[in-house]
Amino acid sequence: MANKSNLVDERFPVFNCAQTVFSLYAADLGLPEETALKISSGFGGGMNCAETCGAVTGAYMVIGMQHGNAVSEPEAKAATKQKILEFNQRFKAAYGSLICKELTGYDISTPEGNAAASAEGVFQKKCPLFVKAACNILDEHF
């Protein structure tokens, strides 16, 4: 897969963080882009409650499509879980958290938090870094 982080700046202003990550890999995963955008649409903004970062959940979807299990075998489940844990470790090593409100410094699930984050330019300054980091981790390690 080509380096997807180079495409983030043109896609992220249009789509949320989860949609951006997952849809950038759609063609490589054999998915129509529209399907990837729809699947991931509810995961932005930390699942709209400022919890697990959408860039992270988008990456989980990519990992699941690449390495996920479709059979009920403990070894297959464990292998997928291990990939997710590896992603988590790498992302946390770079940013210290997987949680949207901790990463951004704002609880964007509230109108006040969202407005404050917007006023501070968080969605232009910080969030693209998280999306690019998720793509870089995927490109380099998965």
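Reference entry: report on the structure contained in this document. Computed from a predicted structure; not experimentally measured.

If you look at the biggest cluster of nonpolar residues, it comprises 37 residues, and the most contacted ones within it are Val21, Tyr25, Ala55, Phe87, Phe91 and Leu138. Contributions of two or more residues to this core are made by α2 (17-24), α3 (26-29), α6 (54-67), α7 (74-95), α8 (100-104) and α11 (127-141). Among the elements that make up this core, the one with the highest residue count is α11 (eight residues). For phenylalanine 87, the contacting residues outside a window of four places in its chain are Val56, Ala59, Tyr60, Ile63, Ala134, Ile137, Leu138 and Phe142.

A separate point is the environment of cysteine 53. Within the secondary structure, cysteine 53 sits in the loop between α5 (44-50) and α6. The exposure class assigned to cysteine 53 is buried, which follows from its relative accessible area of 5%. A C-alpha to C-alpha distance of 13 Å links cysteine 53 and phenylalanine 22, two positions 31 residues apart in sequence. The residues contacting cysteine 53, other than those within four sequence positions of it, are Gly46, Leu98, Ile99, Cys100, Leu103 and Phe130.

For the structure shown, the criterion picks out six aromatic pairs. Seen in terms of ring centroids, phenylalanine 87 and phenylalanine 142 are 6.4 Å apart; in terms of plane orientation they differ by 50°. Their pairing is tilted. Here phenylalanine 87, found in helix α7, pairs with phenylalanine 142, found in the segment after α11; they are 55 residues apart in sequence, far enough to count as distant. On the accessibility criterion, phenylalanine 142 (16% relative accessible area) is buried.

With respect to burial, α2 is a largely interior element, eight of its eight residues being buried. For α2, the secondary structure elements touched by its buried residues are α1 (8-11), α3, α4 (33-40), α5, α6 and α11. Where α2 starts, the residue carrying a side-chain oxygen 3.0 Å from the main-chain nitrogen of alanine 18 turns out to be asparagine 16.

A separate point is the packing of α6 against α7. Axis separation between α6 and α7 bottoms out at 10 Å; the angle between their running directions is 145°. Handedness of the crossing formed by α6 with α7: right-handed. Residues Val56, Ala59, Tyr60, Ile63 and His67 of α6 lie in contact with α7, whose contacting residues are Thr80, Lys83, Ile84, Phe87, Asn88 and Phe91. For the contact of α6 with α7, the residue count by class is seven nonpolar, three polar and one charged.

What counts and how
- Residues numbered from 1 in each chain as written.
- Predicted model: local features only at pLDDT ≥ 70, side-chain atom pairs only at ≥ 80, totals over all residues.
- Heavy atoms only, no water.
- Core = buried A, V, L, I, M, F, W, Y, C linked by side-chain atoms within 4.5 Å.
- Buried < 20%, exposed > 50% of the residue type's maximum accessible area, 1.4 Å probe, protein only.
- Helix = DSSP H or I, 4+ residues; strand = E, 2+ residues; numbered from the N terminus.
- Contact = heavy atoms within 4.5 Å.
- Phe/Tyr/Trp six-rings, centres within 6.5 Å; stacked < 30°, edge-to-face > 60°.
- Polar contact = N/O pair within 3.5 Å; in protein donor to acceptor, adjacent residues only side chain to side chain.
- Axes fitted to C-alpha atoms, helices over the stretch in contact; angles between N-to-C directions.
- Left-handed = near helix turned anticlockwise from the far one by under 90°.
- Nonpolar A, V, L, I, M, F, W, Y, C, P; charged D, E, K, R; others polar.

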